[in-house]
Structures are given as structure tokens and as C-alpha cells.
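What follows is the residue order along each chain.
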Amino acid sequence: MTDTTVIPAGFYKDYPALLSPEGLEAMREHAHRDPDGFWLEQAERVHWHKKPTRGFSGSFTGDVSIRWFEDGQLNVSVCCIDRFLTEKADQVALIAHREGHGPAEKLTYTMLHERVCRLANALSHLGVEKGQRVAICLPMCSEAVVAMLACARIGAVHVVLFGGFSAEGIAERLVDSQAVVVITASTSRRGAKMVPFKETMDAALQRAGASSAVHSMLVVRTSDDPVMMLPGRDHDYHGFVDHFEADFVPVVMKAEDPLFMLYTSGSTGKPKAVVHSCGGYIVWAAYTMGMVYTFRPGDVLWCTADVAWITGHTSVVYGPLANGGTTMISDSLPGHPYPGRWWDLVQENKVTMLFTAPTAVRSMMAEGDEVVLKRDLSSLRLLGVAGEPISPDAWLWYHDVVGQKRCPVADTWWQTETAGVVLGPIAGAQPLKPGSASTPLPGVDMRIIDQQGNTVEGAGEGALCIARSWPGQARTIWGDHARFVQTYFGVAPGQYFTGDGARRDADGYYWITGRMDDVINIAGHRLGTAEVEDVLGEDHRVVESAAVGIPHPVKGEALVVFVIPRKDAAGELTEEGIGRFVAKQLGRYAAPEAVYLVPDLPRTRSGKIVRRLLRKIAQGETENFGDLSALNDMAVVKTLCDRVWAQS
Ligand code: WT7
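Quick caveat: nothing in here was measured; it's all calculated off a predicted structure. (Residues numbered from 1 in each chain as written. Predicted model: local features only at pLDDT ≥ 70, side-chain atom pairs only at ≥ 80, totals over all residues. Heavy atoms only, no water.)

Engineer: Run through the packing of aromatic side chains, naming residues and quoting values.
Structural biologist: For the structure shown, the criterion picks out 29 aromatic pairs. Each ring, one from W470 and one from Y496, has its centre 5.3 Å from the other, and the planes form 75 degrees; the classification is edge-to-face. Note that W470 is positioned in the loop between β22 (460-466) and β23 (476-477) and Y496 in strand β24 (residues 496-504), a separation of 26 residues in sequence. Classification of W470 as buried rests on a relative accessible area of 1%. A relative accessible area of 1% places Y496 in the buried class. Taken together, the ring pairs connect F38, W39, W48, F56, W68, F69, W284 and Y287 into an aromatic cluster. Taking the ring centre of F165 as reference, the NZ or CZ of R173 above it sits at 3.9 Å. (Phe/Tyr/Trp six-rings, centres within 6.5 Å; stacked < 30°, edge-to-face > 60°. Helix = DSSP H or I, 4+ residues; strand = E, 2+ residues; numbered from the N terminus. Buried < 20%, exposed > 50% of the residue type's maximum accessible area, 1.4 Å probe, protein only. Lys NZ or Arg CZ within 6 Å of the ring centre and 35° of its normal.)

Pasting the structure below:
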């Protein structure tokens, strides 16, 4: 198959399309002609205490200010729960499956309301006030969803931290965010591995010391493992929370009050938290998820992303609930404890929409077709992917074998900063092209900018930018607006730069070519190579290091690290030890695929490391290096090639 395969819009005979091709065109046209009117109409998707009268206010130039629905007032937990309490009181809102814990827990909208209110009361009792930050570091369990919504209810800003982060990584984020309360778990299993949530949190708080503002911790007992509790600070989640009242009057928020912040990686070493605000975010979550996934009675959406990522926020929690849907979470891993585990979960829970990462598709594809074909997957109607590029052959496998050519595959492109789908198909209303994230949603003004900074018209390739704000756009980087402006508005003045490169074909379909900065994507997890280099720089035995991403058959990309040891420390530093150190400092997801101790790195005459060359060498290439005339010293190339070859 080539990347020119086109599946026509009408291919899925039984698919209940949300819109006709003409309907989709009409929406695009409306958004283009009257953006304010269009977005105010979309704002009707959620419940407002006070309806907004304006769409966007702000500017993409100068200091950059992004504000949406400014005079509106609302509470996001009301948009996701209370407004469904009459109509859908007994509909299941959340299915929470935990491996090894028996049948999945099911919470109706009524039950979700009760739990969220109890926690909202408990957090208030602990002194949490509107605008303060609450850190949530939990495995995939119902309390994670409840915690986010309880923060929203009291107007606290949630900061969800990934359980795979190291104690150092968590400490850094707790200090930066100045979170006052932490909600975490005892221990949890991830596949065969035990994840020590509480222990890691204790270590993080010890490390942060007086720089942290945390005064209380709620601990969900997610296992029977013993757990150390610090009297006065730590509380058993259910022992504490379940005594509080099951009702809490939601705090009315201004549209621009922050809802949450979320850490992500960029091209500098320090992780940054992007800030999302209540009104724009929830409208955008409702709109994007309603457009791409649509929620019909009886639908069950299983998005396999961890809540700690933006997909976990928008596609697991806020998008499905704002649409009155049923969302499913699970802490299971594909292929664990046996191949086909996920297909059993689809079958058992009658999942109608499955949304996962290409890396999971590739790993399940490797298990063979038999594993899929043995199961009854007839409940499925729509398949989705996001987070990294999917090759046409993996797309077609997902489509043909999992979906039996019945279910459209929606490859959606988005980011922590965009908060929801920006590029993605409306199934049934437009053709699909395997390997392409298709076209911008109505209202998104996507551009391709060439090297001279000019807008490319028609087919062409360049930097992927967005020329006009959208409601779910990140407002700033927490505590560093200058960095926000510089990172996202420096490439094409007056436009948001995504960090990605893309090609647009003659039909207007987008093909992502990958990051243009030094950010790599390991199994859907974003990692800045500078983060790795910074961590290695902390070791005094390391003179310099360079981290690069190379293609990996399952993970998409893998991390390879080159390290120049100090001469007198050469015997002490081992490649294995360095690998362990990186994983310990940053988190397991950042464990390098390979580490090479080398005497020097390829540089230009001005001393800049030539990463392009390192990437090729790390992939085992020994020729076709392209133009090397800028190199300072050619001999280092041979030394590096020999080094990589000796190991492979
Ligand atoms: C980066 C953002 C989907 C949200 C979760 C990831 C890459 C994302 C795709 C896709 C090719 C993709 C981009 C983007 N990416 N979706 N469908 N095809 N690449 O959010 O962690 O902020 O990462 O993921 O490089 O910039 P994130």
C-alpha cells in the first residue's frame, strides 16, 4: 500500500455519520465567515451560569494574550455532571477497570456527583481555596477522575503528575506549581511491575523540603501493600473523604479562571506547565470530542491514555463527560497478562469507540491477527489514534483486522498545548487516507509556513502553524509568559507554531513529518533531549552528552545517548549505569535504548553538536551522511561509527 490510498466518505455503509459532507462544508464556511458567531454557538454545548456574549478577545502579537468567552461564568464540574443529573442520573458515566481487582467498577452520573462532592468538601476542609493547586498522582482508578472534577468544583487548579515520573521529577513539579495538597495511591501494578506511588511521593517531598507548599496528602489504598503514613499530613483517602457530605455547591468561575495546568516537554531542559482555563477548555473539549467521537446512547468510549497526559484529560475525562457519554478507564497494558487482553476488555465492556496510541497498535499487531479474530469485537464502531505518527500499514491493520473494514479510523493530531483535536477526520463526512491526520476541524486556521516565513498555499511542506486562536489553546506557561511567547510565537510572527513539520497534499490533507525542535516521542510520551542532557550534566564525571531519538518499530522513537566521560572517570562510568541514572532521574519512560561512551562528538566549526549525524550513526548507518563540510573534525565520525557497530 502507498500513502495514496483513499477510502471514500461513503465507504462505511452502516456508520452513523454525524454530518454529511455538505454539512461539514457548511460548518467550515460558517466558522470562516463569522468566527465569533460560530464559537458562541459551540459554547452552547456546555452549561453556563452566565452565558458569554463574546468569543475571542486578545492578540497573537506583542505580549500575546489569549482570552475566550470572557464575560461568561460557569463551573466545569457542572458541565460534566450536574447538567445530566435529571436526564441521565442512572446512566453509567465511568467504568473503571483495574487488572486483578475483579469486575470493573461502574459509577452512574448520580454516583459520580456524590463522590465528587464528598471530595470537594474534604479538600475545602483541608483549606484548599479557589486558584490554589492540587497535585494528583494516581494510577488509572476512579479516584483519579473524581479528583480532577472535585478540583474543578471548588475552583482549585489540578496538576496531574505521571506515576512514571521519578521522585526528582515530581519534586521539581511540586515546587514549580506550589501545590498545597497531593492526592496519590499506595502502590499499583503496571503490567508485571509494581509502581510505588506513595514511596515516590514521600521521597519527592523530602527532596523538595521547605520549597514545597504541600501540607496534606490523601492516599488511595490501591493495593494491600503496607504503606507508611505521616500523622498530621497523610490521610487514608476513603477513611477521610467518605465522611463528608455528598453535596457541594459549585464555585462559580469566570471563563478565564484556570482549570488545570499540565507539564510537558519542550526544547529546553526545564519541564514547563501549560495553563488551560475553564470556559475555553470545556467548550473545546465538548466540541472536539463531540465532533470526532460523537456520543450516541449506549456508546462506551475507551481511551487508553493515562490521565496524566492531555489525552487523559480531554478524551478520558472532560470530553466524554461534557458530552454526557460513558467513559472507560483501565490500568491494563496491551498484551498483559496475555496477548489479546485488550480485546477481551473491549468484548466484556461492549466498547463502541476505542482510542489508543499507535505504539499500542503496533505492539498488538505484532501479536498476530489470530489473537484479534478469536474475539467478538462487533460492539466497536469507531477506532481512533493520536500522539505520534501511524504508518499506513499499522493504520490498515487496525482498520482491516480490528475494525473488519466496518469502523472508520480517526488519526487525530493534537498537543498538550492545543488541548483537543486540531487535525482529524469527521468519519463518514470525508474520505480517509491511512497515515494522514486528515484536515483541521472547522474553525481551525491551520497554516504551513516555509523557511522564509511565508504562508504556503495549496500543496507544500513546512512548519505547522495556526493563524488564529481556538478556545482550547493554552493561555500561558505557568510563571513564565515570556517563555510562552518565545516558544510558540517566535517562528512566524502572529501565528502559533506547533513545533511540528507537515506536508499538505493537493486535497488539503496533512501529513505530519515530525518535530522540528529537539523533542522526541517515545511510545507517545514527549521528552526533550535537553532534559536528558541536563540530567547527565549533573554528574560531574560527564564532560558533555548528546541525546537523540531514533526510529523504533514499536515505540515509534527510542532514546540514544552519547556521553563523553571525564578522562579520570572513564573506568567508573558504565553505559548501563548511565542508562539507569537517566531512568532514575527522569522516569522509567525515559530509559535509553542505548548509551555510548565516546571520546568526542561531531561538531561544526562553531562548536554546535551535529545531531542529524548522531541520529544516523545511532541507527547504525555508516554512509550517506550528506554534506559534512561544516564538520570540525572528520575523524570523530569514524570513531563513533566503530563504537556503535561494536555494540550492535
Ligand atoms: C506531539 C504532542 C494527541 C495528544 C497527545 C500528545 C505528536 C500527536 C500526532 C499524530 C503524528 C502526532 C506531535 C505533537 N503527535 N498526535 N496524530 N500524528 N504526530 O500530546 O504529549 O503534547 O505531544 O505529539 O509531534 O507535537 P503531547
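Engineer: If you had to explain helix α9 (residues 278-292) to someone new, which residues and values would you point to?
Structural biologist: The end-to-end C-alpha distance of α9 is 21 Å, a good match for the 21 Å that 15 residues give at a rise of 1.5 Å each. For α9, the tally of buried residues reaches 15 of 15 residues, placing the bulk of the element in the interior. Trailing α9 by a residue or two, T294 shows a phi angle of about 55 degrees, which is positive. (Expected span 1.5 Å × (residues − 1).)

Engineer: Explain unusual backbone geometry residue by residue, including any values.
Structural biologist: Following H336, the chain continues into P337 via a peptide bond in cis, with omega recorded as 0 degrees. With respect to the element layout, P337 can be found in the loop between β17 (327-330) and α11 (341-348). One non-glycine residue with positive phi stands out, namely K405, at about 60 degrees. If you trace the backbone, K405 turns up in the loop between α14 (392-402) and β20 (409-412). The partly exposed category is assigned to K405, whose relative accessible area is 46%.

Engineer: Give a description of the UniProt feature "domain: AMP-binding enzyme C-terminal" (unreviewed entry) in the chain that names residues and reports values.
Structural biologist: Within the UniProt annotation, "domain: AMP-binding enzyme C-terminal" (unreviewed entry) is assigned to residues 531-608. Secondary structure content for residues 531-608 is 24% helix and 32% strand, while the C-alpha to C-alpha distance between its ends is 18 Å. (UniProt positions renumbered as here; feature names shortened; annotations may be inferred.)

Engineer: Tell me about the environment of S177, and please be specific about residues and values.
Structural biologist: By the element assignment, S177 lies in helix α6 (residues 167-177). The buried category is assigned to S177, whose relative accessible area is 1%. For the pair formed by S177 and W478, sequence separation is 301 residues and the distance between their alpha carbons is 7.8 Å. Apart from residues lying up to four places away in sequence, S177 is in contact with R133, V159, M261, Y263 and W478. (Contact = heavy atoms within 4.5 Å.)

Engineer: Go over the side chain of S142 with me, naming the residues and quoting the values.
Structural biologist: By secondary structure assignment, the location of S142 is in helix α5 (residues 142-154). Within the structure, the side chain of S142 is placed 3.0 Å from the side chain of E105, a separation counted as a polar contact. Residue contacts for S142: discarding those within four places in its chain leaves L94, A96, E105, L107, R115 and I329. (Polar contact = N/O pair within 3.5 Å; in protein donor to acceptor, adjacent residues only side chain to side chain.)

Engineer: An account of the site of the ligand is needed here, citing residue identities and associated values.
Structural biologist: The environment of the ligand is formed by 17 residues, the closest being T412, T416, D500, R515 and R526. Between the ligand and the protein, one listed contact pairs an oxygen atom with a side-chain N or O atom of Q415 at 2.9 Å. In the environment of the ligand, an oxygen atom lies 2.6 Å from a nitrogen or oxygen atom belonging to the side chain of R526. Taken by itself the ligand offers 560 Å² of open surface, and the protein chains cover 94% of this. Broken down by secondary-structure element, the contributors of at least two residues to the shell around the ligand are α10 (310-322), β20 and β25 (510-515). A class-by-class count of the residues in the shell around the ligand yields six nonpolar, six polar and five charged. (Near = heavy atom within 4 Å. Areas by Shrake-Rupley, 256 points an atom, 1.4 Å probe, with all protein chains shown as cover. Nonpolar A, V, L, I, M, F, W, Y, C, P; charged D, E, K, R; others polar.)

Engineer: Any details on the pairing of strand β11 (residues 216-220)? Residues and values, ideally.
Structural biologist: With five of five residues buried, β11 lies mostly within the body of the structure. Bridging between strand β8 (residues 181-185) and β11 involves five bridges; their strand directions are parallel. Paired with T184 across the bridge in β11 is V219. (Pairing = 2+ DSSP bridges.)

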